[in-house]
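Each chain, written out:
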Amino acid sequence: KAGVTQTPRYLIKTRGQQVTLSCSPISGHRSVSWYQQTPGQGLQFLFEYFSETQRNKGNFPGRFSGRQFSNSRSEMNVSTLELGDSALYLCASSSGAGANVLTFGAGSRLTVL
Amino acid sequence: AQSVAQPEDQVNVAEGNPLTVKCTYSVSGNPYLFWYVQYPNRGLQFLLKYITGDNLVKGSYGFEAEFNKSQTSFHLKKPSALVSDSALYFCAVRDYRNTGTASKLTFGTGTRLQVTL
């Protein structure tokens, strides 16, 4: 079956711009989580959506937001980009319960100039 | 709060030798523990998990991990390393009591495994 698909894979933005990243989960998975990966901070949890509702949120400023659609696809948005937002943004899908395994996409690499 | 420590930034091992990547964790309740591997320019791939039961968990590609509750450790092991095992390895934990945050994982900082001929 198809894995988790993230688009775009690579993008370059300038400071002050905004960006929207997309994630299509594995069919049947209702939970989508987003993580930011940087060399300095490692993997940091951004938020999780389950059945179109944000179930949990990490310690990121309000410039980081997300949403989930009825087909479980998810988007995250970062407004007023800063240089420090340059990172690999990883999306993961799961069934959303118990000891479920997160399946990750290949990521979207954002570079902010 | 839950946390994970991977004390080694890098582990070097010769091909054919056994390897160990260390992980210790901290959670309030009983843990769900995971190991993931990341190859360059790729997402994370699941290797194995511990939920309950047998302390020795077997996973993909010949990897296994040993859960030690008294030492709060979950070290990743492989009897015979391959050059193709060279990658970045992440340990992660979830407190099973956090049903409201069921899918949130806390990751360690990662350990780079370098296997040489």
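Residues numbered from 1 in each chain as written. Chains lettered and ligands numbered in written order. Predicted model: local features only at pLDDT ≥ 70, side-chain atom pairs only at ≥ 80, totals over all residues. Heavy atoms only, no water.

**Remarks on the packing of aromatic side chains**
Inspection of every chain in the model, using the stated rule, returns 15 aromatic pairs over all chains. Joined through ring pairs, the aromatic side chains of Y35, F45 and F104 of chain A together with F34, Y36, F46, F90 and F107 of chain B make up one cluster. Lying over the aromatic face of F50 of chain A, R55 of chain A brings its terminal NZ or CZ to 4.4 Å of the ring centre. (Phe/Tyr/Trp six-rings, centres within 6.5 Å; stacked < 30°, edge-to-face > 60°. Lys NZ or Arg CZ within 6 Å of the ring centre and 35° of its normal.)

**Observations regarding the state of the cysteines**
Throughout the structure, instances matching the rule amount to two disulfides over all chains. Covalently, C23 of chain A is tied to C91 of chain A through a disulfide, its sulfur atoms 1.7 Å apart. Judged by the sign of its S-S torsion, about -55°, the bond between C23 of chain A and C91 of chain A is left-handed. One end of the pair, C23 of chain A, is in strand β3 (residues 19-24); the other, C91 of chain A, is in strand β9 (residues 87-94), and 68 residues separate them in sequence. Overall, C23 of chain A belongs to the buried group, its relative accessible area being 0%. Across a sulfur-sulfur distance of 2.0 Å, C23 of chain B and C91 of chain B are joined as a disulfide pair. (Disulfide = S-S within 2.5 Å. Helix = DSSP H or I, 4+ residues; strand = E, 2+ residues; numbered from the N terminus. Buried < 20%, exposed > 50% of the residue type's maximum accessible area, 1.4 Å probe, protein only.)

**Digging into the interface of chain A and chain B**
Each partner contributes to the interface: chain A provides 24 residues, whereas chain B provides 21 residues. Taking both sides of the interface into account, the surface hidden between chain A and chain B amounts to around 1,800 Å²; carbon and sulfur atoms contribute 55%. Looking only at chain A, the three residues that lose the most surface to chain B are L43, A99 and F104 of chain A, adding up to 29% of its buried area. At the junction of chain A and chain B, the tally comes to zero salt bridges. Listing elements by their share of the side of chain A that touches chain B, those giving two or more residues are β4 (31-38), β5 (42-50), β6 (53-57) and β9 of chain A. Of the residues belonging to the side of chain A that touches chain B, the class tally is 12 nonpolar, nine polar and three charged. (Contact = heavy atoms within 4.5 Å. Buried area = accessible area lost by both parts, 1.4 Å probe. Salt bridge = Lys/Arg side-chain N within 4 Å of Asp/Glu carboxyl O. Nonpolar A, V, L, I, M, F, W, Y, C, P; charged D, E, K, R; others polar.)

**Here we look at the sheet that holds strand β8 (residues 74-78) of chain A**
Residues and elements named next belong to chain A. Strand order in this open sheet of four strands is β1-β3-β8-β7, and the pairing throughout is antiparallel. Edge positions in the sheet fall to β1 (5-7) and β7 (64-68), since each has one partner strand and no second. With direction set aside, neighbouring strand axes in the sheet form an average angle of 15°. Looking at chain direction, β3 and β8 are connected through five bridges and run antiparallel. Residue pairing for β8: V19 is matched across the bridge by V78. (Pairing = 2+ DSSP bridges. Axes fitted to C-alpha atoms, helices over the stretch in contact; angles between N-to-C directions.)

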